[in-house]
Every structure is written in structure tokens, then in C-alpha cells.
Amino acid sequence: MASEDVKSGETAVSRIVNLAEEAKIASEGVKAPTEIAWLSIAKSLLAGGIAGGVSRTAVAPLERLKILLQVQNPHSIKYNGTVQGLKYIWRTEGLRGLFKGNGTNCARIVPNSAVKFYSYEEASKGILWLYRRQTGNEDAELTPLLRLGAGACAGIIAMSATYPMDLVRGRLTVQSGSSPSQYRGIAHALATVLREEGPRALYKGWLPSVIGVVPYVGLNFAVYESLKDWLVKSRPFGLVEDTELGVTTKLACGAAAGTVGQTVAYPLDVIRRRMQMVGWKDASAVVTGDGKSQARLEYTGMVDAFRKTVRYEGFGALYKGLVPNSVKVVPSIAIAFVTYEVVKDVLKVEMRISD
């Protein structure tokens, strides 16, 4: 009996302690670390995925025109500029032609953006932790250079994880109704590339992509975050209220970040697209237009692609499609950043309500 009384007393005490701990956690609005971690991961992935899908769909016609300008043969020109190119696509392929490849792009960009934004947040935390340990200053903040490193890490991880989808998207985007053969969709394109060119073909152009990710994604995040911090601290022109930036100001920060990143990295994007066409048996007909040339496209590597492009088409060829890309990249990245933060804020509110 005594032992039973002791056991019951210990049980009652443990229950009281547990209830007290639960009350404390509830009053502070704190959840178990594991639950917090999983909710944070899910929130970042969902917000990043939605941001990527919305932004890319909004500028899909300009994205397709950019790729067509990057790879078309200079001796068989069908696209002479942004306005003419969009009109030509509309006239020859209709509304669906303007959005050709967008389904594949969204299927790629949603996981790409989700992984990229999540990787950036985690890389930023890790780099900041190391930086604070190294400097001994627990209040230290990320410098623009450290943000550049975090952004570059995020971009490389996300790009590498989804690169086969990018290669397939490029080929689906380039083919038109007059192409001698057609990829019927993502699965068919992946299967065809594997069967005819082998697994390594899925990563053609990967090296210039990795090199381009450092200035492109890295500068995007670094410029965006640094601009936000500067605006919050200096409060110029009354743009900041209560340490929060308005949607218009965030759009401007995203636009500036996108302009800097895409200008620096653009030649590498052109080379990547051209390397992705190598080995595709119908690429010559697709790229030159109407199947007039049957010469196979050949580059032995990134340096060879640079050399041949400049030798035969001039230095300006490295910036083919820059105008439509500039027009689309500013709203695209701006919309992506704002959508990401808005979705995260919405998820925060919903989580608080559910709690």
C-alpha cells in the first residue's frame, strides 16, 4: 500500500510538472523543436515553390523568346527583336506558342525555387553562426560578401538538383510546329535523351550554369538583402514605417537585384543554352529554322563554345536575347521575392490562428 501511495504520489507530481511545462510552452507560444523545424522547412519550401511558379508564368512569353534568340542561327534569322519576335510567335503558333515550355518550366522552377529559398535560409544561418564564433561577436550580422556566399550555395544546390529538367525545358521551348520531330512532354523528352544520348547528356551545360550561379543568384540575394537592410536603417524618403518595407519598395529591391545579377551572368546563360543543344540529332534543323541545315552542332566544352560563338558571330552574340531577358527578369525576380515573403507571412498568420 505504501509503495502504491508513493507511486501514485510520484505520478501525480509528474503530471503536475508536465502540465506546468505544457502551460509554460503554450503561454510562450513555443512548440517542440522538432515540430518547429518541420513547420519551418515546410513553410519555406511551400513559399519558395509558389513564388517560383507565379513569377515564371507571369513572364513565360519573354522567357521563351529569350531562349529562341540565344540559340537561333545567325544565317537563318526568324526573331529580330522583342516586339517582332513575340508577334512572330503569336502569328505562327498562337497563344499556346507564347507559353510553350512553361509547364515544364514550372515543374522545374517550383522545386528549384523551394530548394533555393530554403537552402539560402539554412546557409545564411550556418554562415552567420560560424561568423559569430570566429569574430566572438554574438550580435554580428551577415555582410554583403557573406550573403553572396549563402546565395551562391543555395543557387548551386537548387540548380544541380533540377538541372535535367532545365535541359529538357530548353529543348521543349526551342522546338516549333515545323520541327522535324517532337518531344511530346517532359517524360518523353527525358526518356528520349537517356536513350539516344545517355545519362551524362542530362547535365550538358552544367559547368557554365554553376559558374553563372555564383554571380547571378549570389548577387540577387546579396543585393536584395543589403538594400532592405540599408533602407530599414537609413529610412530614406520615408520609405520605411515601423521597420517594415512596403510591397512597392520590396519590388524595387528585387528589380535592382535581378538587373545586377542577370547582366553579370548573361554570357554564361547563352553558352549553357547552346551546349544543351549539342547531341540532339534534330537540333540543327530546329535552331537554324525550317530544317535547312543538317550540320550537327558540336562544342567540345564550355571554352570551345565561348570561342566558336565569338569567332563566328562576334562578341555581341554572348548577349543575344538580353533585351527580352532584361524586360522579364526584373518583374520575375521582384514578383518571386515579394510572393515568397507574402506567402510566408500568410502561413505565419494561419499557424498562429491554428495554435
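The structure presented is a predicted model; accordingly, all values stated were derived computationally and were not measured.

Applying the stated criterion to the full structure yields five aromatic pairs. Taking 4.0 Å as the distance between ring centres and 15° as the angle between the ring planes, the aromatic pair formed by Phe117 and Tyr340 counts as stacked. Within this pair, whereas Phe117 is found in helix α5 (residues 102–135), its partner Tyr340 is found in helix α12 (residues 322–354), the two being separated by 223 residues in sequence. Considered together, Phe117 and Tyr340 belong to a single accessibility category, that of buried residues. Judged by centre distance (6.1 Å) and plane angle (20°), the ring pair of Tyr266 and Tyr319 falls under stacked. Within this pair, whereas Tyr266 is found in helix α9 (residues 247–277), its partner Tyr319 is found in the loop between α11 (302–313) and α12, the two being separated by 53 residues in sequence. Taken together, the aromatic side chains of Tyr266, Phe315 and Tyr319 make up a single cluster linked through ring pairs.

Time to look at the packing of α5 against helix α8 (residues 206–234). Here α5 crosses α8 at 60°, and the two axes come no closer than 13 Å. When the axes of α5 and α8 are compared, the pair comes out oblique. The chirality of how α5 crosses α8 is right-handed. Contact residues: α5 offers Lys116, Phe117 and Tyr120, while α8 offers Val217, Phe221 and Glu225.

On to the environment of Gly48. The residue Gly48 is located in helix α2 (residues 33–58) in this model. Apart from residues no more than four positions distant in its own chain, Gly48 is found in contact with Ser113, Ala114, Phe117 and Tyr340.

Mapped onto the elements of the fold, Gly254 is located in helix α9. Along the primary structure Gly254 and Pro331 are separated by 77 residues, whereas in three dimensions their C-alpha atoms are 8.1 Å apart.

On the secondary structure map, Glu225 appears in helix α8. Although buried, Glu225 forms no salt bridge, and the nearest oppositely charged side chain, Lys228, lies 4.0 Å from it. Among residues more than four places away in sequence, those in contact with Glu225 are Tyr120 and Arg147.

Take the pattern of salt bridges next. Throughout the structure, instances matching the rule amount to 21 salt bridges. Ionic pairing is found between Glu93 and Lys100, a salt bridge with its closest N-O pair at 3.1 Å.

Averaged over every residue, the pLDDT of the protein chain is 77; the share at 70 or more is 78%. Scored below 50 in pLDDT, residues 1–33 shows six contacts in the model against residues more than four places distant or in partner chains. Per-residue pLDDT stays below 50 along residues 288–295; that stretch engages in 13 contacts with residues further than four places along the chain or on separate chains.

Rules behind the numbers
- Each residue is numbered by its place in its chain's sequence as written, counting from 1.
- Two thresholds apply to this predicted model, a pLDDT of at least 70 for residue-level local features and 80 or more for giving and counting side-chain atom pairs, whereas whole-chain, interface and lining totals are computed over all residues.
- Note that the side-chain values use all heavy atoms of the structure and ignore hydrogens as well as water.
- Ring pairs are drawn from Phe, Tyr and Trp, using the six-membered ring of Trp, whenever the two centres fall within 6.5 Å, and their geometry is named by plane angle: stacked under 30 degrees, edge-to-face over 60, tilted for the rest.
- By the criteria applied, helices consist of DSSP H or I runs no shorter than four residues and strands consist of E runs no shorter than two, each listed in order from the N terminus.
- In this scheme, a residue with accessible area under 20% of its type's maximum is buried, one over 50% is exposed, and one in between is partly exposed, where area comes from a 1.4 Å probe on protein chains only.
- Lines fitted to C-alpha atoms define the axes, with helix axes restricted to the stretch in contact, and inter-axis angles between N-to-C directions lie between 0 and 180 degrees.
- Any angle between 65 and 115 degrees counts as roughly perpendicular, while under 35 counts as roughly parallel, over 145 as roughly antiparallel, and the rest as oblique.
- Helix crossings are classified by the rotation of the near helix relative to the far one: an anticlockwise turn of less than a right angle makes the crossing left-handed, while a clockwise turn makes it right-handed.
- Contacts are assigned to residue pairs with any non-hydrogen atoms lying within 4.5 Å of each other.
- We treat Lys and Arg as the positive residues and Asp and Glu as the negative residues; His and chain ends play no part in the count.
- The term salt bridge refers to a pairing of a side-chain nitrogen on Lys or Arg with a carboxyl oxygen on Asp or Glu at a separation within 4 Å.
- One number per residue, pLDDT, summarises how confident the predictor is, and it ranges from 0 to 100.

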